Amino acid sequence: MTVIDETAIREDRLLTEPRARGIARILISEQELDGEIAAIAAELDAEYRDDQPLMIGVLTGAVVFMSNLMTAMTIPVQIDFMAISSYGAATRSSGVVRILKDLNEEIEGRRVIVVEDIVDSGLTLQYLLEMLKARQPKDIRVVALLKKDKPDAIDVQVDRVGFQIPDEFVIGYGLDYAGQYRNLPYVAVLDPSVYR
Ligand code: IMP
């Protein structure tokens, strides 16, 4: 896990792109993301070398991480997606979690890797894990690209974190604010004037 410093300011030239309108600064660069994802992929390759795990991506935020993680892995994997309710246009967790799309695959007896974009309060992941465990997979490993440094977060299972970040609202690399910014190739901090 890499710990990201609040004061980091990188690649400001990219902030002039149209897709970067409203961004205060880049928190995690493409190079840092690539490096950490390669490391996670190598660990998963080793852990599952004799298996074919099912990677479950949590829509929609995890799509970029999931895509880059699975293509960085060299073992065969299968993938599936689940959609659960997010915050909508708000930047705080409501604590209300709903299934919007269930898995296509049965997971009983299988080795499952849950791929999450970000763990904030931990509520979403806690709910998801309870539901998945009830289906009796052989085992579950949770990989989260980002985890907020938040003392009051729920103590939920996360086996591998890519980056621990300050408790700020972040966007890019799959993460959105009101449906926007998902196609940024880096993780950035939104200018507060955009959502205040
Ligand atoms: P939690 O239930 O509070 O852990 O939040 C998990 C979900 O909320 C994530 O999967 C994201 O979809 C969303 N989320 C939490 N924090 C952020 C953020 O900083 N930016 C964008 N989405 C976020």
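About the criteria used
- Residues numbered from 1 in each chain as written.
- Predicted model: local features only at pLDDT ≥ 70, side-chain atom pairs only at ≥ 80, totals over all residues.
- Heavy atoms only, no water.
- Buried < 20%, exposed > 50% of the residue type's maximum accessible area, 1.4 Å probe, protein only.
- Helix = DSSP H or I, 4+ residues; strand = E, 2+ residues; numbered from the N terminus.
- Arc of directions from axis to C-beta.
- Phe/Tyr/Trp six-rings, centres within 6.5 Å; stacked < 30°, edge-to-face > 60°.
- Pairing = 2+ DSSP bridges.
- Right-handed = clockwise from strand over helix to strand, strands pointing away.
- Polar contact = N/O pair within 3.5 Å; in protein donor to acceptor, adjacent residues only side chain to side chain.
- Contact = heavy atoms within 4.5 Å.
- Core = buried A, V, L, I, M, F, W, Y, C linked by side-chain atoms within 4.5 Å.

**So, helix α2 (residues 63-72)**
Among all positions in α2, only Phe 65, Met 66 and Leu 69 are buried. Buried residues of α2, seen end-on, are gathered within an arc of 95 degrees and therefore sit on one face of the element.

**What about the packing of aromatic side chains?**
Given two aromatic rings, their pairing is described by the distance between the two centres and the angle made by the two planes. What the rule picks out here adds up to one aromatic pair. Aromatic pair Phe 169 and Tyr 177: ring centres 6.0 Å apart, planes at 85 degrees, arrangement edge-to-face. The same class applies to Phe 169 and to Tyr 177, which are both buried.

**Some words on unusual backbone geometry**
Along the chain, Leu 59 connects to Thr 60 via a cis peptide bond; the corresponding omega equals -5 degrees. Inspection of the secondary structure assignment puts Thr 60 in the loop between β3 (54-59) and α2. Not every positive phi belongs to a glycine, and Tyr 173 is a case in point at roughly 55 degrees. Relative to the helices and strands, Tyr 173 is located in the loop between β9 (170-171) and β10 (187-190).

**Description of the pairing of strand β6 (residues 111-119)**
With nine of its nine residues buried, β6 lies for the most part within the structure. Alignment of β3 against β6, held across four bridges, turns out to be parallel. When the sheet's bridge partners are listed, Met 55 is paired in β6 with Ile 113. Sheet topology places β6 next to strand β7 (residues 139-148); eight bridges connect them, and they run parallel. Note that in β7 the partner of Val 119 across the bridge is Lys 147. Following the chain from β6 across helix α3 (residues 123-133) to the adjacent parallel β7, one finds a crossover that is right-handed.

**Looking at the sheet that holds β9**
With antiparallel pairing, the three strands of this open sheet are ordered in space as β2-β10-β9. Two strands bound the open sheet, and with one partner strand each, they are β2 (23-28) and β9. As defined by bridge partners, β9 adjoins β10 across two bridges and the pair is classed as antiparallel. Paired with Val 170 across the bridge in β10 is Val 189.

**Quick look at the side chain of Glu 36**
One can find Glu 36 in helix α1 (residues 30-47). Among the polar contacts listed, one links the side chain of Glu 36 to the side chain of Arg 160, at a separation of 2.9 Å. If we ignore the near neighbours within four places in the chain, the residues touching Glu 36 are Met 1, Thr 2, Arg 160, Val 161, Gly 162 and Phe 163.

**A few points about the nonpolar core**
Counting 28 residues, the largest nonpolar core has Ile 28, Phe 65, Leu 69, Leu 146, Ile 165 and Val 170 as the members making the most contacts within it. Elements represented by at least two residues in this core include exactly β2, α1, α2, β6, β7, β8 (160-165) and β10. Of all the elements, α1 adds the most residues to this core, at five residues. In contact with Ile 28, not counting residues within four places along its chain, are Ile 4, Leu 33, Leu 146, Phe 163, Ile 165, Tyr 186 and Val 187. The next biggest cluster of nonpolar side chains, apart from the first, holds 22 residues, and it includes Ile 84, Val 119, Leu 128 and Val 161.

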